[in-house]
Each structure stands twice: as C-alpha cells, then as structure tokens.
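Structural characterization, general
Read off the chains here:
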Amino acid sequence: MSSLEPHAKDASYWASQMAAVSCRRDRDCFMRIYDHYAPRLRLYLRGIGSPEAVAEELAQEALLRLWQRAASYDAARSSLSTWLFRIARNLHIDRLRREPLWVPVDDEPGWPDRDEEGDVTSAESHAEQVDLRRRIERLPAVQARLIRMSYFEAKSHHEIASELAMPLGTVKSSLRRAFIRLQLGVRGQP
C-alpha cells in the first residue's frame, strides 16, 4: 500500500493535489489524480452505456480536460470527483449527440407481412417477441434493464431514475442508445 491511500477519499487531499496541478502544473500530483480516477471514470462510463473502448477514450479526454482546465477548478463549489465525473458525463452526452439521428422503426423494411385486416398472426407475433427479447438480452446490462423497466414494467423515466439512483438525463440518453441498438438489429445490422 502506498502512503497516499489513507487520503484517497479525503476531498481536501484531492483539492490540494488539484491546486498543485493548477498553480505549478505539478505532473506528480496529476499522475496521482490520474491513477486514482482513471479506472473509476472508465467504470462509470461503462455503467452509463459506453462500450469499453469508448469509455477508455472518454476517461482519457476527461483527464486531459482536467489538466488543461485545472485553473477553473474551485474546491469551494464541488469536490474533485464531482467536477471530474461531470466532465466525463458531459463528454459522454456530447458523444451521444454526435451519433446518427433516430430513424423511426416503422419506416424500415423487414417487418412481417400483415394479413388483410392489418393484424400480425399470432405465430408472427410470437416470433417478433422472441426476436425482441433476444435483442434486448444482447444489450449492455444497464440498457437492457432500462428497456425492461420503461416498457415492460411501464415505469416513467422519473421513476426509473429514482429507483436506480441515476440522473434523469442518463436514463433518457441510455434508453435512446438502447433503441438505436435495437433499431440497427431490426435493419439487419449487428
């Protein structure tokens, strides 16, 4: 164990490390921050739906922003972890906003033929349900859980956010990403 570990959860310790980065561009202090927070940021980003490679990239970008904007950190306004995780969350949201726009599923080919009255036969309906369940099972665990809670349990986004202790925006963006993945499957993409 290093001698720094007892301070690992002390907000004043991390604030002093940031002060050194901000005032003196202290690389050793930055590396302590990096070593402590990089794995935590990756885990957080994975938890809100980023694939491993993307989580790694976003965590790196968040820590780079910490280095570049160290002077803007104010320990009186928030802890370092709050500030840094907010940067990571904002990077995640910005990345989601750059993804291709939502394409309505109803406009896509590949839906089963309808009978004369426009109803799907029970065999076709069952096959669609089985296919949908398989696609949901292939989603990341958080996204699959959000889909189930929202559509199979009919819970509102606010109820889900409260029950899972997740920010409302994270619930909404994770659901959106889940639908995009489900749509890609309907269109025949992996």
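What comes next concerns the included structure.

Each value, and the rule that gives it
- Residues numbered from 1 in each chain as written.
- Predicted model: local features only at pLDDT ≥ 70, side-chain atom pairs only at ≥ 80, totals over all residues.
- Heavy atoms only, no water.
- Helix = DSSP H or I, 4+ residues; strand = E, 2+ residues; numbered from the N terminus.
- Buried < 20%, exposed > 50% of the residue type's maximum accessible area, 1.4 Å probe, protein only.
- Contact = heavy atoms within 4.5 Å.
- Areas by Shrake-Rupley, 256 points an atom, 1.4 Å probe, with all protein chains shown as cover.
- Expected span 1.5 Å × (residues − 1).
- Phe/Tyr/Trp six-rings, centres within 6.5 Å; stacked < 30°, edge-to-face > 60°.

Glancing now at the overall build of the chain. Along the backbone of the chain there are eight helices and zero strands. Order of helices (α) and strands (β) in the chain, N terminus to C terminus: α-α-α-α-α-α-α-α. The burial tally for the chain puts 35% of its 190 residues in the buried class. Residue pairs at least 24 apart in sequence account for 58% of intrachain contacts in the chain once pairs closer than 6 positions are excluded. When the accessible area of the chain is evaluated, it comes to approximately 11800 Å², of which 52% is carbon and sulfur surface.

Here we take up helix α1 (residues 11-24). Helix length check: α1, at 14 residues, gives a terminal C-alpha distance of 20 Å against a target of 20 Å (1.5 Å per residue), a fit within 8%. The secondary structure elements touched by the buried residues of α1 are α2 (27-47), α3 (52-68) and α4 (80-97).

Following the criterion strictly, the structure yields seven aromatic pairs and no others. With a centroid separation of 5.3 Å and an interplanar angle of 80°, the aromatic rings of Y44 and F85 are classed as edge-to-face. In this pair, Y44 sits in helix α2 while F85 sits in helix α4, placing the two residues 41 residues apart along the sequence. Under the relative-accessibility criterion, Y44 is labelled partly exposed at 24%. Residue class for F85 comes out partly exposed when judged on its relative accessible area of 21%. Pairwise contacts between aromatic rings join Y13, W14, Y37, Y44 and F85 into one cluster.

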